[in-house]
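Analysis of the macromolecular model
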Amino acid sequence: MRKLLISFIATFAAFSIDAQNVQVKDTRQIYLWDVTLSMKGKAAGCPDIWDKVKVAMIDDIMQISDERTEIVVIPFQHKALETWTEIATPAGKAELVNRIKNINCCCLNSMAG
């Protein structure tokens, strides 16, 4: 009985050590971005928040410190228009920021294809 108990404890300790090593998780951060004309105040009662949303999204992306984080930006109108995916390295974040800055919601209807 004592050998069985010692064997159980040793096995449990080994699994605990392995479990601690597996707990490291990568992260995915997804931005579902409304790029309809209402974001520019072009619909009745809608404020123009286009630039504020772009700045907030860029600021949030730039705050990501874990370079293993996957960043996904999905601009949408009546459906997802594109999916941009980058890893949160300085180069990956710069690519997404560049895309976000260069989008004009008035021109996205042609992207919907």
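Residue positions are counted from 1 within each chain, in the order its sequence is given. The predicted origin of the model limits local features to residues at a pLDDT of at least 70 and limits the giving and counting of side-chain atom pairs to 80 or more, whereas totals for whole chains, interfaces and linings rest on all residues. Computation of side-chain values covers all heavy atoms of the structure but excludes hydrogens and water.

Paired strands, in this sense, are two strands between which DSSP finds at least two bridges. The helix count covers DSSP runs of H or I at least four residues long, the strand count covers runs of E at least two residues long, and both are numbered beginning at the N terminus. The strand order across the open sheet formed by 3 strands is β1-β2-β3, and the pairing between neighbours is mixed. On the outer flanks of this sheet lie β1 (28-34) and β3 (84-87), each paired with one strand and no other. Mean inter-strand twist for the sheet, computed between neighbouring axes without regard to direction, equals 15 degrees. Here 4 bridges tie strand β2 (residues 70-76) to β3, and the two strands are oriented antiparallel to one another. Along β3, the bridge assignment pairs Val 72 with Thr 85. Residues are treated as being in contact if the distance between any of their heavy atoms lies within 4.5 Å. Here the axes come from fitting lines to C-alpha atoms, over the contacting stretch only for helices, and the angles between their N-to-C directions go from 0 to 180 degrees. The strands that helix α2 (residues 50-62) touches are β1 and β2; relative to β1, the one it contacts most, it runs at about 175 degrees.

Taken N-terminus to C-terminus, the directions of α2 and helix α3 (residues 90-102) make an angle of 180 degrees; their axes are 10 Å apart at the nearest point. One way to sum up the angle between α2 and α3 is to call them roughly antiparallel. Residue-level contacts link Lys 54, Met 57, Ile 58, Ile 61 and Met 62 of α2 to Lys 93, Val 97, Ile 100 and Lys 101 of α3. Classification convention: Asp, Glu, Lys, Arg as charged; Ala, Val, Leu, Ile, Met, Phe, Trp, Tyr, Cys, Pro as nonpolar; all other residues, Gly among them, as polar. Taken together, the residues of the contact of α2 with α3 sort by class into 6 nonpolar, no polar and 3 charged. Small angles under 35 degrees read as roughly parallel and large ones over 145 as roughly antiparallel, with 65 to 115 read as roughly perpendicular and the rest as oblique.

When a carboxyl oxygen of Asp or Glu is within 4 Å of a side-chain nitrogen of Lys or Arg, the pair counts as a salt bridge. By the definition in use, this model includes 4 salt bridges. Among the salt bridges present, the one from Glu 70 reaches Arg 28, with a minimum N-O distance of 2.3 Å. With Glu 70 in strand β2 and Arg 28 in strand β1, the pair connects residues that are 42 residues apart, well separated along the chain. Looking at Arg 28, the relative accessible area reads 55%, which means it is exposed. Through salt bridges that share partners, Asp 26, Asp 66 and Arg 68 make up one connected network. Between buried and exposed lies partly exposed: a residue is buried under 20% and exposed over 50% of the maximum accessible area for its type, with that area taken using a 1.4 Å probe on protein chains only.

Turning our attention to the confidence of the model for the protein chain. As a per-residue measure, pLDDT tells how confident the predictor is, with possible values from 0 to 100. Confidence in the prediction for the protein chain averages 82 pLDDT; 70% of positions are at 70 or higher. Segment residues 108-113 is flagged for pLDDT under 50; beyond a separation of four residues in sequence, or across chains, it makes 11 contacts in the model.

Before going further, it helps to spend a moment on α2. For α2, built from 13 residues, the straight-helix expectation of 18 Å at 1.5 Å per residue is met to within 8% by its first-to-last C-alpha distance of 19 Å. Those residues of α2 hidden inside the fold are in contact with β1, β2 and α3. Expected helix span is given by 1.5 Å per residue-to-residue step, counting one fewer step than there are residues.

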